[in-house]
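# Observations on chain architecture
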Amino acid sequence: AQKITQTQPGMFVQEKEAVTLDCTYDTSDQSYGLFWYKQPSSGEMIFLIYQGSYDEQNATEGRYSLNFQKARKSANLVISASQLGDSAMYFCAMREGNSSASKIIFGSGTRLSIRP
Amino acid sequence: IAGITQAPTSQILAAGRRMTLRCTQDMRHNAMYWYRQDLGLGLRLIHYSNTAGTTGKGEVPDGYSVSRANTDDFPLTLASAVPSQTSVYFCASSDSPDRATEAFFGQGTRLTVV
């Protein structure tokens, strides 16, 4: 069963608008972590933001925030005031498992395109 | 600071040949991972290692093997390459398998099996 689901293969957003990228996850673990990565056309993977399952407040990093709804098992990424440089692939990821068998798995990604 | 180094950067390989993708990190990270990236499928975990001397299977382990003889190196071997293993391969590492630390990625290896 797919554990990380990103239902938006592609999105177009006008520059300076806010955008929400959806991510839902499935795990039976009580302790887990959620990540978002950006992959520009150059191919490198850039870490954006992290949310722990026990964190009570939503994580924020500059223009990035993570809308964490634990009961719904969703971890949406919100980008405020989008910029042309935000055009990229975005991946949601989850770390689950205990210290002897912990792994990080990824969703299929969302391609975000910012229109000038 | 090198971080994670993958070699080769790209490779064209004849089907049936054996190939080892190399991955070395200099951050003394405990956990290391191998992923393959295919269009529309995102990154899929092949194998992982939470500490030197241990490895585990990911989502798509068939046709691949790994070893973790020391902290720094995590090679991925294709024993007999097939065209469906054409992909971009990423190696990653993280400080600890059970802490809130992100994974750092190498630059990727583009492998074409013909």
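Scroll up to find the structure this text is about.
An account of the accompanying structure is given in this report. (Residues numbered from 1 in each chain as written. Chains lettered and ligands numbered in written order. Predicted model: local features only at pLDDT ≥ 70, side-chain atom pairs only at ≥ 80, totals over all residues. Heavy atoms only, no water.)

## Focus on the pattern of salt bridges
- One pass over the full model with this rule turns up 6 salt bridges over all chains.
- Asp26(A) serves as the salt-bridge partner of Lys73(A), at 3.7 Å between the closest nitrogen and oxygen. Linking Lys73(A) in the loop between β8 (64-69) and β9 (74-79) with Asp26(A) in the loop between β4 (24-25) and β5 (33-39), this pair joins segments that are 47 residues apart in sequence.
- For Lys73(A), a relative accessible area of 29% translates into the label partly exposed.
- With a relative accessible area of 38%, Asp26(A) lands in the partly exposed category.
- Across the salt bridge formed by Asp86(A) and Arg63(A), the nearest N and O atoms sit 2.8 Å from each other. Here Arg63(A) lies in the loop between β7 (60-61) and β8 and Asp86(A) lies in the loop between β9 and β10 (88-96), a separation of 23 residues in the sequence.
- Salt bridges here are not isolated pairs; linked through shared partners, they connect Arg36(B), Asp38(B) and Arg44(B). (Salt bridge = Lys/Arg side-chain N within 4 Å of Asp/Glu carboxyl O. Helix = DSSP H or I, 4+ residues; strand = E, 2+ residues; numbered from the N terminus. Buried < 20%, exposed > 50% of the residue type's maximum accessible area, 1.4 Å probe, protein only.)

## A look at the state of the cysteines
- Considering all chains together, one arrives at 2 disulfides over all chains under this definition.
- Cys23(A) shares a disulfide with Cys92(A); S-S distance 2.0 Å. Disulfide Cys23(A) to Cys92(A): torsion about the S-S bond roughly -65°, handedness left-handed. Of this pair, Cys23(A) sits in the loop between β3 (19-21) and β4 while Cys92(A) sits in strand β10, and the two are 69 residues apart along the sequence. Of the two residues, Cys23(A) and Cys92(A), both sit in the buried class.
- Note that Cys23(B) is cross-linked by a disulfide to Cys91(B), the S-S spacing being 1.9 Å. (Disulfide = S-S within 2.5 Å.)

## With respect to the packing of aromatic side chains
- Inspection of the entire model under this criterion finds 14 aromatic pairs over all chains.
- On the basis of an interplanar angle of 55° and a centroid distance of 5.2 Å, the ring pair of Tyr25(A) and Tyr32(A) is categorised as tilted. Neither Tyr25(A) nor Tyr32(A) differs from the other in exposure class; each is buried.
- Linked through ring pairs, Phe35(A), Tyr37(A), Phe47(A), Tyr50(A), Phe91(A), Phe106(A), Tyr33(B), Tyr35(B), Phe90(B) and Phe105(B) together constitute an aromatic cluster.
- A cation sits over an aromatic face here: Arg63(A) above Tyr64(A), 5.7 Å from the ring centre. (Phe/Tyr/Trp six-rings, centres within 6.5 Å; stacked < 30°, edge-to-face > 60°. Lys NZ or Arg CZ within 6 Å of the ring centre and 35° of its normal.)

## A closer look at the sheet that holds strand β3 (residues 19-25) of chain B
Residue and element names in this part refer to chain B.
- An order of β1-β3-β8-β7 is seen for the 4 strands of this open sheet, with the pairing classed as antiparallel. Only two strands of the sheet have a single neighbouring strand rather than two, namely β1 (4-7) and β7 (64-66). Neighbour-to-neighbour, the strand axes of this sheet turn through a mean angle of 20°, independent of strand direction.
- Sheet analysis places β7 next to strand β8 (residues 76-78), joined by 3 bridges and oriented antiparallel. Bridge assignment links Val66 to a residue of β8, and that residue is Leu76. (Pairing = 2+ DSSP bridges. Axes fitted to C-alpha atoms, helices over the stretch in contact; angles between N-to-C directions.)

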